[in-house]
Structure formats: structure tokens, C-alpha cells
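Listed here are the chains, written in short residue letters.
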Amino acid sequence: MNAATRIAVGKDLLGLADVSADTITTLLNTAESFLEVGTRTVKKVPALRGKTVVNLFFEPSTRTRTSFELAAKRLSADVLNINLGVSSVVKGETLLDTARTIQAMSVDTVVIRHAASGAPKMLADVLPSHVINAGDGAHEHPTQGLLDLFTIRRARGCVAGLKVVIVGDIAHSRVARSNLIGLTKLGAHVHLVAPPTMIPVGIAALASAPGTVTIGNDLDQALADADVVMPLRLQLERQGAPLFPGKREYAHLFGLTPARLAAARAGALAMHPGPINRGVEIDATVADGDQSAILDQVTNGVAVRMAVLFHYSGGGGA
Ligand code: NCD
């Protein structure tokens, strides 16, 4: 099948849990063809001409919001950015009111980021528009999961059979959840590493098959045969009471240093969804080093979001 032919996907993209391995692969193949658009002098294709995409961000975001904006613009959609700033708990009524306002403007696709897990689903249930989850609480961040899969596939040729170590604040990380689900669907083995306080009970149940996820507390041990290492930011804004004694101790035990990366498989990939805290979960030398895929992730993010908007924007046009 031609990667740029629209496939039947659901109305909304709320999480990778609802997406089959085949659909994930098609989305990645489409992203491959859209990646080329970003290298042209005129970085635009007409696929979403006449469609309106609203970026509804209830949490601060730089890369995800700008990435969705660029993706929609490169597909020739009209884009509206609504930043509702920091709000820890936006009440259900407010969200519903916002939804009704959007509905009244005949918007085709709503991209939403919200501090509350389940907020995109709530919108999806009431809006006829397509809803794309750009990160909801500690639930899922499906386009980040897809762009990470895409980055790994491009660097390694495939995802199946690789060992991916995800280290850090798993408990509060929607990135960890979407990656765990997506990676195991495509046949990778995921090893989660964190202090015991940051590993949620039952997390392994998110894996697509039993035995595809292992969990530990020792990063050095975990790295020995790792193909990819993905440190996560400590989500201090979500942690409430501290889950570890201090940042220095955390960096000492769980920070990705050059020595630790050297202990992984030759040429192992260092990834990070950003924003990074240099010297805490990742050493600056690693973040800026040859094995770092951090900026590739950003570049790939635009192509992957183009693919998502393309397939989830429904029929017509293109
Ligand atoms: C992540 C997020 O917001 O979930 N960042 C991102 O989308 N690039 C991770 C984080 O905030 O640490």
C-alpha cells in the first residue's frame, strides 16, 4: 500500500493502546514520506487544505505544540493555537464549555494537551471533530511514542528484537506509558529502571505480551545489553511529596553519564523526549554527543505528527 494513502483509523488518537501494530507501522511509513517534505525549499503539501486544526493546550509546552503547529501548516491546514496556560486541575465544566465553543466553530481536528488523564477522551466523546491526544496527565502521549518508534526504526532499521531501557519517573510519565505500549507492540523488549517509589504497581500489564517488560532498580546492570536508553525528566510538578532524597543522589544512581552509555551495546542510542535537565537525568556530554538522538526526535516529531494529522483528519481532499 502506498504510505500516503489514507487508511481507516478510528475517529480519534487517544493512546497507542487503541492502535494496532499494523496501523502503527503504516503511520511510521507515512511519516517517512513526510520527512522529505521538511527538506524541500517549499515545505508544504496540500493534503489538509481547507481543514481547520485547533491546538488546545492546557499545559505549557514548547516542542509538542510547535511541532503540531508546523505539521498542520506543512499539510496546508488552517491552524488555531489556544494556550490556556498552567492550570493544575481544570474543572470538567470548563473543558465542556471549551468543547462546545470549538464545536460551534466547525473545527475538523482538535489537538489537546491537558493535566488531567482522560481529558482528550472526554472531548472525543462529545465532539464530532477528530481529537488527537498531545499528552494527558500521566496517561498517554501517543505522538511522542510514535516519534520515538520512528526515530529508533530509522537509526536501527527495525524495532523488533531491541532492548530499550526507560529510566526515571515512570510513575508520572505519559511518555513511558506510550513507549512501553508501542515498543512492545512492535516487538521490542522494554526494561524499566527507577527508584522503587517511581515504579507504579501493575505497569507491566500495559505490555502487548507477557514477558516483554522487565523492571529493575539498577541502571548499570540494565545497560549491559541495551540498544536504546531513554532517560525521563523528573516530573517534580506532579510528584507532590519528594520520591527521592535529592537531585544529586538521583543523578548519581540514575543519571545517564558517558561511562554508563559506554557500558551499553556499541553505538546504543541515547534518547530524551525533552525538556532535558542537564546533569540530572542526562549528562550534557551524552545529550550533545554522537549517540544522542534528541534533535532527530524533534525533527522526526514534525513528520510523525503530519502522518497522524493526515490519517486522522478523515476523508475528503488529499
Ligand atoms: C514530555 C511531556 O510533556 O510529557 N515532553 C514532551 O512532550 N516533549 C515529557 C516531559 O515533560 O518531561
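Refer to the structure above for everything that follows.
One structure accompanies this document, and this report is about it. Source: prediction; values computed, not measured. (Residues numbered from 1 in each chain as written. Predicted model: local features only at pLDDT ≥ 70, side-chain atom pairs only at ≥ 80, totals over all residues. Heavy atoms only, no water.)

## What about the overall build of the chain?
No. 1: Looking only at helices and strands, the chain has 12 helices and nine strands in total.
No. 2: Relative to the compact-globule value of 20 Å for 318 residues, the chain shows a C-alpha radius of gyration of 19 Å, a close match.
No. 3: With respect to the three principal axes, the spread of C-alpha positions in the chain is 55 × 45 × 35 Å.
No. 4: In the chain, buried positions account for 55% of the 318 residues.
No. 5: In the chain, the share of contacts with a sequence separation of at least 24, taken over all contacts with a separation of at least 6, comes to 76%.
No. 6: Per element, the accessible surface of the chain, about 13,000 Å² overall, is 55% carbon and sulfur. (Helix = DSSP H or I, 4+ residues; strand = E, 2+ residues; numbered from the N terminus. Rg over C-alpha atoms; globule rule 2.2 N^0.38 Å. Buried < 20%, exposed > 50% of the residue type's maximum accessible area, 1.4 Å probe, protein only. Contact = heavy atoms within 4.5 Å. Areas by Shrake-Rupley, 256 points an atom, 1.4 Å probe, with all protein chains shown as cover.)

## Some thoughts on the sheet that holds strand β1 (residues 52-57)
No. 1: Strands sit in the order β2-β1-β3-β4 across an open sheet of four strands; the sheet is parallel. Looking at which strands have only one partner, the edges of the open sheet turn out to be β2 (78-83) and β4 (130-136). Mean inter-strand twist for the sheet, computed between neighbouring axes without regard to direction, equals 15°.
No. 2: The sheet strands contacting helix α12 (residues 294-312) are β1, β3 (109-114) and β4, and the helix crosses β4 at an angle near 150°. (Pairing = 2+ DSSP bridges. Axes fitted to C-alpha atoms, helices over the stretch in contact; angles between N-to-C directions.)

## Some words on the packing of aromatic side chains
The description of two aromatic rings rests on the distance between their centres and on the angle between their planes.
No. 1: Tallied over the entire structure, the rule returns two aromatic pairs.
No. 2: It is R6 that lies over the ring of F310; its NZ or CZ is 4.6 Å from the centre. (Phe/Tyr/Trp six-rings, centres within 6.5 Å; stacked < 30°, edge-to-face > 60°. Lys NZ or Arg CZ within 6 Å of the ring centre and 35° of its normal.)

## Quick word on empty space enclosed by the protein
No. 1: Summed over all chains, the structure comprises one cavity of 30 Å³ or more.
No. 2: Empty space within the largest cavity amounts to approximately 90 Å³.
No. 3: Lining the largest cavity we find R63, S67, Q144, L147, H272, P273, I294, Q297, V298, G301 and R305.
No. 4: Those elements that provide at least two residues to the lining of the largest cavity are α2 (63-74), α5 (142-156) and α12.
No. 5: Sort the elements by how many residues they give to the lining of the largest cavity and α12 lands first, with five residues.
No. 6: Partitioning the lining of the largest cavity into residue classes produces four nonpolar, five polar and two charged.
No. 7: Each of domain 1 (16-140 + 301-313) and domain 2 (142-297) accounts for three or more of the residues forming the lining of the largest cavity. (1 Å grid on protein atoms, 1.4 Å probe; cavity = no way out; pocket = protein on both sides within 12 Å on 5 of 7 lines; lining within 4 Å. Points joined across faces, edges and corners; volume = space filled by probe spheres on them. Nonpolar A, V, L, I, M, F, W, Y, C, P; charged D, E, K, R; others polar. Domains from an automatic or database assignment.)

## Some words on the environment of Q239
No. 1: For Q239, the position within the fold is in helix α8 (residues 236-239).
No. 2: For Q239, a relative accessible area of 8% corresponds to the buried category.
No. 3: Note: C-alpha distance between Q239 and D169 (70 residues apart in sequence) is 9.2 Å.

## Some words on helix α1 (residues 21-35)
No. 1: With 15 residues, α1 ought to run about 21 Å at 1.5 Å a step, and its terminal C-alpha atoms sit 21 Å apart, in line with that.
No. 2: Buried residues of α1: T23, I24, T26, L27, L28, T30, A31, F34 and L35, and no others.
No. 3: Buried positions along α1 lie against α5, α6 (174-185) and α12. (Expected span 1.5 Å × (residues − 1).)

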